[in-house]
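A closer look at the structure
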Amino acid sequence: MNELLSLLLTRRSVRRYTGDPIPPETLRAVVTAGLLSPSSRNRRPWRLVVVQDRATLEALSHCRQGSAQMLAGAGAAILVFARPTESDVWTEDCAILMSNLHLAAHSQGLGSCWIQGRLRQAEDGRTTEAFCQERLALPEDWALEAILSLGIPAESPPPHTLEEADWGKVTFL
């Protein structure tokens, strides 16, 4: 089977981590994959914030109502922001980057989970974006797309199957 297809089948969202630190070279490989992502007109509007500090990860676990608790046990988080003035399709560009981060994490033996940030609320009622900007002392013109939790997996969800590919959603002309 094709190496990429195999990676896509076995990559699953992981929400439980051992809490062990991520080796620096592994984290760097994941971030590099994100930075090499394609973007519209090669503008690369993204700004990545990599958090490894345990207290900051715990604080960030409250950045999203009902969906960010796994950050408290993660080895790291990558917050993906962009400067919307740099590209009118920054959300798409950042989504491509997030997908590449996800796949790169899995290829390095890490578990990861996409935590949507844009258009979401923190536990305290603020937007997830405002919560993260304030907590991390970031500029207000940085718009949050999403957060990727990362860690050594404490669980291994079963892989997807080829049968899950819904060919009913495809039209060949």
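Right above here is the structure, for reference.
Below: a short report on this structure. Because the structure is predicted, anything quoted here is derived from the model rather than measured.

To continue, consider the overall build of the protein. Looking only at helices and strands, the protein has five helices and four strands in total. Counted from the first residue to the last, the protein has its helices and strands arranged as α-α-β-α-β-α-β-α-β. Relative to the 2.2 N^0.38 estimate, which gives 16 Å for 173 residues, the radius of gyration of the protein is 16 Å and therefore close to what a compact globule would have. Once the C-alpha set of the protein is aligned to its principal axes, its extents read approximately 45 × 40 × 30 Å. Relative to its full complement of 173 residues, the protein shows a buried share of 41%. Sequence-distant contacts in the protein: of pairs separated by 6 or more residues, those separated by 24 or more amount to 77%. Carbon and sulfur atoms form 53% of the exposed surface of the protein, whose accessible area is close to 9,300 Å². Averaging the positions of the 17 positive and the 20 negative side-chain charges in the protein gives two centres separated by 2 Å.

By the element assignment, His-102 lies in helix H4 (residues 90-107). Judged by its relative accessible area of 7%, His-102 is buried. In contact with His-102, not counting residues within four places along its chain, are Arg-11, Ser-13, Ser-112, Cys-113, Trp-114 and Leu-148.

Looking now at the packing of helix H1 (residues 3-10) against H4. With their axes 10 Å apart at the nearest point, H1 and H4 run at an angle of 95 degrees to one another. On the basis of the axis angle, H1 is roughly perpendicular to H4. Along the contact surface, H1 presents Leu-7, Leu-8 and Thr-10, while H4 presents Leu-103, His-106 and Ser-107. Here the contact of H1 with H4 is built from residues that sort into three nonpolar, three polar and no charged.

The next subject is the nonpolar core. With 24 residues, the main nonpolar core has Val-49, Leu-71, Leu-79, Phe-81, Cys-132 and Ile-147 as its most contacted residues. When residues of this core are traced back to their parent elements, those giving at least two are strand S1 (46-51), helix H3 (54-60), strand S2 (76-82), strand S3 (111-116), helix H5 (128-136) and strand S4 (143-151). When near neighbours in sequence (up to four residues on either side) are disregarded, Leu-71 contacts Arg-54, Leu-57, Leu-60, Ser-61, Cys-63, Ala-77, Ile-115, Ile-147 and Ser-149. Formed by 21 residues, the second largest nonpolar core is a distinct cluster that contains Leu-27, Ile-78, Cys-94 and Ala-143.

Tracing the chain through its elements places Ser-112 in strand S3. Looking at Ser-112, its side chain comes within polar contact range of the side chain of His-102, at 2.6 Å. Contacts of Ser-112, omitting those with residues within four sequence positions, involve Arg-12, Ser-13, Val-14, Tyr-17, His-102, Ala-105, Leu-148, Ser-149 and Leu-150.

What follows deals with the sheet that holds S4. Spatial strand order, S1-S2-S4-S3: four strands in an open sheet with antiparallel pairing. Looking at the sheet topology across the chains shown, the edges are occupied by S1 and S3. Each strand of the sheet is rotated relative to its neighbour by a mean of 20 degrees, with strand direction disregarded. Bridge count between S2 and S4: seven bridges; the pairing is antiparallel. What sits directly across from Ala-77, in S4, is Ser-149. Here helix H2 (residues 24-35) sits on the sheet in contact with S1, S2 and S4, set at roughly 170 degrees to S1. The sheet contacts of H4 involve S1, S2, S3 and S4, and relative to S4 the element is tilted by about 5 degrees.

Conventions we followed
- Sequence positions are assigned chain by chain, starting from 1 and proceeding in written order.
- Restriction of local features to residues with pLDDT of at least 70 applies here, the model being predicted, together with a cutoff of 80 or more for giving and counting side-chain atom pairs; totals for whole chains, interfaces and linings are based on all residues.
- Neither water nor hydrogens contribute to the side-chain values; these are computed over all heavy atoms in the structure.
- Numbering of helices and strands runs from the N terminus; a helix is a DSSP stretch of H or I covering at least four residues, while a strand is a stretch of E covering at least two.
- Only C-alpha atoms enter the radius of gyration, while the globule expectation follows 2.2 Å times N to the 0.38, with N the number of residues.
- Each residue gets one of three labels from its accessible area relative to the maximum for its type: buried under 20%, exposed over 50%, partly exposed in between, using a 1.4 Å probe on protein chains only.
- We call two residues in contact whenever any of their non-hydrogen atoms come within 4.5 Å of each other.
- Using the Shrake-Rupley algorithm and a 1.4 Å probe, accessible areas are obtained, with residue cover drawn only from the displayed protein chains.
- Counting rule applied: Lys, Arg positive; Asp, Glu negative; His and chain ends not counted.
- A single reference atom marks each charge: NZ on Lys, CZ on Arg, CG on Asp, CD on Glu.
- To define axes, lines are fitted to C-alpha atoms, for helices over the stretch in contact only, and angles between the resulting N-to-C directions are given on a 0 to 180 degree scale.
- What sets the label is the angle itself: under 35 degrees gives roughly parallel, over 145 gives roughly antiparallel, 65 to 115 gives roughly perpendicular, and the rest give oblique.
- Each residue is assigned to one of three groups, with Ala, Val, Leu, Ile, Met, Phe, Trp, Tyr, Cys and Pro labelled nonpolar, Asp, Glu, Lys and Arg labelled charged, and all others, Gly among them, labelled polar.
- What is meant by a nonpolar core is a set of buried Ala, Val, Leu, Ile, Met, Phe, Trp, Tyr and Cys residues, joined one to another through side-chain atoms within 4.5 Å.
- Any pair of nitrogen or oxygen atoms within 3.5 Å is treated as a polar contact; in protein, a donor-acceptor pairing is required on top of that, and neighbouring residues in sequence qualify only through side-chain atoms on both sides.
- In this scheme, strands are said to pair when DSSP sees at least two bridges between them.

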